[in-house]
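# Results of the structural survey
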Amino acid sequence: MSSERINEIVILSGKGGTGKTSLAAAFSVLAGTEAVIADCDVDAANMHLLLKPDFARSMEFYSGELAVINQDICIRCGKCADVCRFNAIPFMENQYTISPLDCEGCGYCEKVCPSFAIVMKERKSGKVYTSTIKTEGIMVHARLDIAAENSGKLVAKVKKDAKDHANAGNKKFIIVDGSPGIGCPVVSSLSGANYVVLVTEPTMSGLHDLIRVYEVIKRFRIKAGCIINKADVNEAQSREIKEFLMSEQIDHLADIPYDSAFSSAMIEGKTVVEIQSPLKAQLEEIWKQIKLITNKNNTI
Amino acid sequence: MKIAFTAAGTTWDSMIDPRFGRTEFFIVYNDETQETTVFDNSAVKNEAHGAGTATAQKIFEIKPDVLITGNGPGENAATALKQLDMKIFVNAHNMTIKEAYDNYKNGKLQPL
């Protein structure tokens with residue numbers, strides 16, 4: 001089976017703002033057509049700004065539920081509004097209506113409605129896209145509707161589509177841009193992964209969130225490597241991070257110095273490896289190293 | 001003894017699904033009766049959150065003596081599964097169900 005040879009590499013940070021997506025996009029450009037890209041950081045998806053997908057194919061995505069009141073049967077008793085913890089059922093123009101932005105889909109109103117006027121309906125929460133990006137490679141990504149949130153379900157869907165494309169196109173890698181934090185979407189992005197690239201920065205919260213996300217990774221027994229971005233900004237903190245990496249046997253992939261090239265590239269809508277900068281050679285080196293490690297892991 | 005595998009397909013040649021919560025299927029082999037049963041777990045796709053605990057619930061219904069999987073259950077599912085008298089073996093990803101079973105028999109799988 002070809003699926004066993006695909007290396008699924010997940011890029012995570014724990015803390016936001018460490019440069020995770022900037023690096024994930026740079027690796028995506030370096031990987032070119034040998035990888036399928038999966039943008040699972042759907043709450044604030046921004047990888048598309050750098051990779052220029054064509055949004056060629058889209059599919060509606062349903063997640064969670066939304067209460068709907070049948071006004072013809074409703075007896076206006078107000079029991080639903082009384083139990084709603086989210087104040088999502090205001091009484092307006094002589095009728096109770098669901099405010100879709102406030103409804104969490106818990107279903108309590110449906111349970112208490114004496115006239116069975118409320119039903120829970122599947123909620124459309126956004127679209128999943130399969131695109132060709134500027135490298136001619138394939139990227140699977142999503143766009144959420146207003147007030148919709150990322151979920152383990154959406155991440156699993158994006159990853160599955162990416163895997164199908166990787167299988168069909170005989171690709172060697174899937175690069176997954178994971179979401180920040182340690183919640184459901186992160187757990188979902190980790191399941192089935194072969195290697196995790198952690199991106200951190202030398203700040204107290206950078207290290208704190210790195211430790212926290214690593215607890216989750218360890219639980220799933222996935223090998224991990226770490227890039228310390230902006231490493232020269234606080235050398236003492238960087239040293240502390242390195243001690244942590246050593247104690248947990250996490251590969252220390254690289255220290256990247258603070259460089260405004262990231263911002264200059266971003267302003268042009270490019271990744272840092274597409275402009276003149278010494279970072280290009282360093283990132284090429286890191287990507288080569290990641291490929292080497294994951295290929296080795298996968299043959300054991 | 002009942003042995004459950006998280007599986008990406010429904011046969012002995014199917015690959016182990018490395019995921020616990022969102023595994024596509026469970027293949028359950030009873031080595032006394034040599035019976036193989038397949039449980040479809042694909043309904044879990046509709047769980048936006050809490051896939052791990054929903055699947056753990058399913059395990060409570062199947063009640064296997066041994067569970068063989070890949071990455072292993074996450075924190076919440078693992079806590080729930082502790083209530084069962086069941087041994088869990090992990091790191092069986094990249095194996096077919098048959099390979100995983102042989103490795104289990106030869107004591108080559110890693111216990112959780």
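Residues numbered from 1 in each chain as written. Chains lettered and ligands numbered in written order. Predicted model: local features only at pLDDT ≥ 70, side-chain atom pairs only at ≥ 80, totals over all residues.

### Quick notes on the overall build of chain A
Worth spelling out the cut-off: Here a helix means four or more residues in a row that DSSP labels H or I, a strand means two or more in a row labelled E, and each is numbered from the N terminus. Exposure classification rests on a simple neighbour count of other C-beta atoms within 10 Å of a residue's own: a residue reaching 20 or more is buried, one at 12 or fewer is exposed, and one in between is partly exposed. C-beta atoms are placed from the backbone. By definition, residue pairs are in contact when their C-beta atoms, positioned from the backbone, come within 7 Å.
Scanning chain A from N- to C-terminus turns up 10 helices and 11 strands. Considering only C-alpha atoms, chain A reaches an extent of 70 × 45 × 40 Å along its principal axes. When each of the 300 residues of chain A is scored for burial, the buried share is 47%. Taking the intrachain contacts of chain A between residues at least 6 apart in sequence as the baseline, contacts between residues at least 24 apart amount to 76%.

### Things to note about the interface of chain B and chain A
This is how it is decided: Any residue outside Ala, Val, Leu, Ile, Met, Phe, Trp, Tyr, Cys, Pro, Asp, Glu, Lys and Arg is labelled polar, Gly included; the first ten of those are nonpolar and the last four are charged.
Taken residue by residue, the interface counts 17 residues in chain B and 17 residues in chain A. Partitioned by chemical class, the residues of the side of chain B that touches chain A number 5 nonpolar, 7 polar and 5 charged.

### Quick look at the pairing of strand β6 (residues 118–132) of chain A
Residues and elements named next belong to chain A. Quick note on the threshold: At least two bridges found by DSSP between two strands are what make those strands a pair.
Pairing of strand β3 (residues 57–69) with β6 involves 11 bridges; the strand directions are antiparallel. Directly across from Val68, in β6, lies its bridge partner Val119. Turn length for the β6-strand β7 (residues 138–144) hairpin, with the two strands adjacent in sequence and antiparallel, is 5 residues, and the turn residue Glu136 shows positive phi of about 75°.

### Side note on the packing of helix α7 (residues 204–219) of chain A against helix α8 (residues 235–247) of chain A
Relative placement of two packed helices is described by the angle separating their axes and the distance separating the axes. All names here are of chain A. Under the convention used in this document: An axis is simply a line fitted to the C-alpha atoms; with a helix, the fit covers only the stretch in contact. Between two such axes, the angle follows the N-to-C directions and lies from 0 to 180 degrees. We call two directions roughly parallel when the angle between them is under 35 degrees, roughly antiparallel when it is over 145, roughly perpendicular when it lies between 65 and 115, and oblique otherwise.
Contact pair α7 / α8: the axes reach a minimum separation of 10 Å and the direction vectors enclose 10°. Here α8 runs roughly parallel to α7, going by the angle between their axes. The residues of α8 that touch α7, namely those facing Met204, Leu207, Leu210 and Ile211, are Gln237, Glu240, Ile241 and Phe244. In the contact of α7 with α8, the residues fall into 6 nonpolar, 1 polar and 1 charged.

### Considering unusual backbone geometry
All names here are of chain A. The backbone phi angle of Glu93 is positive, close to 45°, even though this residue is not glycine. The topology assignment puts Glu93 in the loop between β4 (91–92) and β5 (95–96). Positive phi values are uncommon outside glycine, yet Gln249 reaches one of about 55°. Tracing the backbone shows Gln249 in the loop between α8 and β11 (251–256). Of the residues examined, Gln249 has 8 C-beta atoms within 10 Å and is grouped as exposed.

### Focus on helix α3 (residues 97–105) of chain B
Residues and elements named next belong to chain B. Inclusion rule: The directions considered for the arc are those from the helix axis to the C-beta atoms.
Buried within α3 are the following residues: Ile97, Ala100 and Tyr101. The arc that holds the buried residues of α3, viewed along the axis, is 100°, so those residues lie on one side. The elements touched by buried residues of α3 are β1 (2–7), β2 (25–30) and β4 (66–68). Looking one or two residues beyond α3, the residue adopting positive phi is Gly107, at roughly 65°.

### A few points about the environment of Pro64 of chain B
Residue and element names in this part refer to chain B. By secondary structure assignment, the location of Pro64 is in the loop between α1 (51–62) and β4. The class for Pro64 is buried, based on 20 C-beta atoms found within 10 Å. Taking the C-alpha atoms as reference points, Pro64 and Met1, separated by 63 residues in sequence, lie 7.5 Å from one another. Among all residues touching Pro64, those that are not within four sequence positions of it are Lys2, Ile3, Ala4, Val28, Ile59 and Met86.

### With respect to the confidence of the model for chain B
Low pLDDT means the predicted coordinates in that region are not meant to be read closely. Going by this rule: Confidence of the predictor in every single residue is expressed as pLDDT, which spans 0 to 100.
Averaged over all residues, the pLDDT of chain B equals 92, while 100% of them reach at least 70. Scored by ipTM, the complex comes to 0.75, with pTM at 0.86.

### Considerations on the domain arrangement of chain A
This is how the line gets drawn: Boundaries between domains were set according to an automatic or database domain assignment.
Here chain A is described as being made up of domain 1 (2–52 + 133–299) and domain 2 (65–124). Each of domain 1 of chain A and domain 2 of chain A has a C-alpha centre, and these two points are 41 Å apart.

### Comments concerning the nonpolar core
Condition: In plain words, the nonpolar core is the set of buried Ala, Val, Leu, Ile, Met, Phe, Trp, Tyr and Cys residues that C-beta atoms within 7 Å link up.
Residues Ile9, Ile11, Ile174, Ile175, Val196 and Val197 of chain A are the most contacted members of the largest nonpolar core, which totals 76 residues. Ranked by residue count, the leading element in this core is helix α1 (residues 20–31) of chain A, at 8 residues. If you look at the next biggest cluster of nonpolar residues, it comprises 28 residues, including Ala7, Met15, Val90 and Met95 of chain B.

### What to know about the pairing of strand β2 (residues 35–39) of chain A
Consecutive side chains of a regular strand alternate in pointing toward one face of the sheet and then the other. Residues and elements named next belong to chain A. For β2, a buried count of 5 out of 5 residues is recorded, marking the element as mostly surrounded by other parts of the structure. The two faces of β2 match: Ala35, Ile37 and Asp39 on one face and Val36 and Ala38 on the other face are all buried. Strand direction decides the pairing type here: β2 and strand β8 (residues 173–177), joined by 5 bridges, are parallel. From the neighbouring strand, Ala38 faces β8, where its bridge partner is Val176. Here 3 bridges tie β2 to β7, and the two strands are oriented parallel to one another. Bridge pairing links Ala38 to Val140 in β7.

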